[in-house]
Each structure stands twice: as structure tokens, then as C-alpha cells.
Amino acid sequence: MPPTTNANGNNAPSTIPLANALMTKLKPAKVFKNAVEPTPLPTPGGSSRTNTGPRHITSITFDDRGDQVLTASEDETFRLYSCKSGKHLKTLYSKKYGVDLPRFTHKNTTVIHASTKEDDTIRYHSLHDNKYLQYFKGHKQRVISLEMSPVDDGFMSGSMDNTVRLWDLRVPTCRGLLNLPSSPVVAYDTSGLVFAVGINRYSRILLYDQANYDKAPFLTITLEDPSLALVSYPPRPIYMTSLAFSSNGKYLLVGCSGDAHYILDAFEGHLLAKLEGFVGLERRRLDAPPSIDPVKGNSGEEVSWTPDSKYVVGGSLDGRIAVWDVQNLPVRSGVVDLKVPPTRLQPLTALDGHSGPARCVKFNPRLAMMVTAGTELAFWLPDQSADNEEIAKELLKKKS
């Protein structure tokens, strides 16, 4: 939100605490209908992909100050937007290498991103003059998880070649390598001292000390939901698409491609909450049949924390945005019992206003705004008109 005049008449940004009343009043303030180029018509005699539907935005990233947001989409473009003016600033093309998982570095003019074509190199890109600054080679298959360290120029990547690599922006060769039994998703905690690696097919989350990553993980968490056995037996496996630590480091949000996300205790590994009330995003369209084995959708960014970690926001295949209040999570300690079911949380509200599946959902790190993306891009702001009506009613009461 733009700076407002405070009580002293100064042009200083006012702070707004996130509360239930504000979260339920979020509405799309700006929708970019042309945020993705349309799917080209099939050429005669060419192979046409079935059941794909329109192209989608696959990833979004904010700069550290929350002033800009960058999208990457299946049309092989970056698009840069201003969060304060709500305007599209520029479009950059990466037709040769493709683009996925863009992440702002600690400068708002440079990003790192994964490639989708040619090779599996991670590229360091200048948005200012549209040039590559560095190439980070090493992965043998597609990079599916990429995260920037919150404190320095380090970053981490997970690939379908079953490795996690640790890098530094200043050096083209990786400075650390973890070989794993399956494809990983990765996340740093807010201090940058700890990182988590989620391993699909084994339902394990490994927590490492950043300074001793070459040693064994200091905590191994088993992600097992006993309530899934009540739905089918054997229970359908959980497919992890993202990991994210809460701002206080106490909790770990596990984003999944199915119809539930999970919150774990990050210190001991207890399964605390199961977030329900939405349609999972592993399918491209609502009318497509689900696969027998769970798969990742075309984005792994469908769920995220708000900056204060009081709420979790997530997308849905039906276009709704779910908001979960996670301020009163259960407290568990002692030995982890995998047979104890998690607390099942329904959304505080399900927001309407997004056309098509909401593939990416992120809250601005500094401003009271949320960004959602799929076939379109939407900027959400709290609707203040309802507040004005309430103030007017109170004034009328005082007069009478």
C-alpha cells in the first residue's frame, strides 16, 4: 500500500497489523488479464498436447523491500511489476533457456532462476540491462527447488537428479553437495543458519546446520498423516511441493500437491496441523481426472505464510484463495508419536475473485497486499470501504 499521512502530518508509511477482519476483506484491486501470452494454436501435422489448458504463471518472487514482484510463466517470460503503483514495468524474454523459479537476490535489479530448456544451469540475471552475470553449472536434471539465503549471497538448489547443491553468487562452482535418494525440495530458516530438505517418496524432511551440512542432519522428521488411512488403504502418498519456515523459526509449513497442507513443529518434528478446505493443484484443470500416484502441479508455490506467520494463504484449483488462522496451533513435546492425528484446520475464509486456478499465492513481505497468479495475475488489497461504512454508522449513533 502506498505511504499515507500519519497523525503528525508526515508522509510516513502507516503500519497495519494483520487481523481476522483485515484478512477477510482482501479483494483484487488490480488484475492483469494479459500476464501470460496465450497458448499458440497447434500447427497442422504437429503434435498437440492434450489436457493442458491455457499457459500459467509458475512462480513469483518479491524483492526484499516488497516494492517489486517478478513473475515467471510457461510462455518463457519474466514480467516485472511495481507493487506500489500497480503497474507492469517490463517484460523480459528467455526463449532459449526457458525460465522457472526466479528469486530476487538482495539487490532489486538481479535475480537467479532455473532453466527449463537447453540445459539445467542456474542463471544469474540482471533485470536492469537484461544480461546474464553468471552461470551455475552442475545439475544433470531439471532444478525443481531454488531458494536464496535470507542473510547473505548464498543460495541452494534441489534437482530431479536427486541432489541439493549449495552455491554463492560470487563463485560459479558449487560449494556443497548432498546426494539424496529422491528428488528434494529445500528451504532456509529466517536466520539462514538452518536449512530443510524434503525428500519425496520417502516422506522425510531433513534439517541441517548450514555450517556443518557435510555432517548428518541434526533432525529427521517423518511426514506421516494417520488420517489418510481412513480415506484409502494403502493411504495415498503425500507429495511435497514446497517447504517454508515461520518467521519465528518454530514451525515448518509443508506445501503439498494434494488436498491438504501441513504444519510441523520445527524443533522436534511433531505433526501439528492439517490445512484443508481447498482443491489440490496437481491437475491442470478441474475437469481432469486425478492420477493414481500424486504428482507436482505446474507450480510449487500454491501456499505461503504471511510475514508475521499468523496466517497461511493458499490457492485452489477452483480459483478460491484460502486463508487459515494458525495463531493457536496445538503444543506438543516429547517423543514424536506418528499415530497422533494432526489438528484439522478449515479456512478462516475462502476469497473469491481469481479467475481460474490460483497456482501461486504469496503475501508481500512489507506491504499489506497479496499476489495470486495462474492464467492471470492479481494484486489483492484490504477493502477499506466497509470500514468507512462502519465509521459513518458510529458517527450517526453519536449524533443521535
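Everything below is about the structure printed above this text.
Residues numbered from 1 in each chain as written. Predicted model: local features only at pLDDT ≥ 70, side-chain atom pairs only at ≥ 80, totals over all residues. Heavy atoms only, no water.

### A look at the packing of aromatic side chains
Thought 1: One pass over the full model with this rule turns up 10 aromatic pairs.
Thought 2: Aromatic side chains Y81 and F379 sit 6.2 Å apart centroid to centroid with 75° between the ring planes, which places their arrangement in the edge-to-face category. Taken together, the positions of Y81 in strand β6 (residues 77–82) and F379 in strand β31 (residues 377–382) put the pair 298 residues apart, joining distant regions of the chain. The same class applies to Y81 as to F379, namely buried.
Thought 3: Arranged with centres 6.5 Å apart and planes meeting at 40°, the rings of Y124 and F136 form a pair that is tilted. Taken together, the residues Y124 in strand β10 (residues 122–126) and F136 in strand β11 (residues 131–136) connect sequence positions 12 residues apart. Here Y124 and F136 have matching classes, each one buried. (Phe/Tyr/Trp six-rings, centres within 6.5 Å; stacked < 30°, edge-to-face > 60°. Helix = DSSP H or I, 4+ residues; strand = E, 2+ residues; numbered from the N terminus. Buried < 20%, exposed > 50% of the residue type's maximum accessible area, 1.4 Å probe, protein only.)

### What to know about the sheet that holds strand β27 (residues 343–345)
Thought 1: With respect to topology, five strands assemble into an open sheet ordered β20-β21-β22-β23-β27, the strand pairing being mixed. The open sheet is flanked by β20 (240–245) and β27, the only strands paired with a single partner. On average, each strand axis in the sheet is inclined to that of its neighbour by 20°, with strand direction left out of account.
Thought 2: Pairing analysis gives five bridges linking β20 to strand β21 (residues 251–256), with the strands arranged antiparallel. The partner of L243 across the bridge, within β21, is V254. (Pairing = 2+ DSSP bridges. Axes fitted to C-alpha atoms, helices over the stretch in contact; angles between N-to-C directions.)

### Remarks on the nonpolar core
Thought 1: Residues I205, L243, V254 and Y262 are the most contacted members of the largest nonpolar core, which totals 22 residues.
Thought 2: Discounting chain neighbours no more than four positions away, the residues touching Y262 are L223, D225, L228, I238, L252, L253, V254, C256, L271, A273 and K274.
Thought 3: If you look at the next biggest cluster of nonpolar residues, it comprises 16 residues, including F32, A35, V36 and A373. (Core = buried A, V, L, I, M, F, W, Y, C linked by side-chain atoms within 4.5 Å. Contact = heavy atoms within 4.5 Å.)

### Notes on the sheet that holds strand β16 (residues 184–188)
Thought 1: On the basis of which strands lie adjacent, the open sheet formed by four strands has the order β16-β17-β18-β19 and antiparallel pairing. Of all the strands in the sheet, just β16 and β19 (219–222) have a single pairing partner and so form its edges. When strand polarity is set aside, the average angle formed by the axes of neighbouring strands in this sheet is 20°.
Thought 2: Sheet topology places β16 next to strand β17 (residues 194–199); five bridges connect them, and they run antiparallel. For P184, the partnering residue across the bridge sits in β17 and is I199.

So, to be careful, I would describe these as geometric facts and stop short of saying anything about function.
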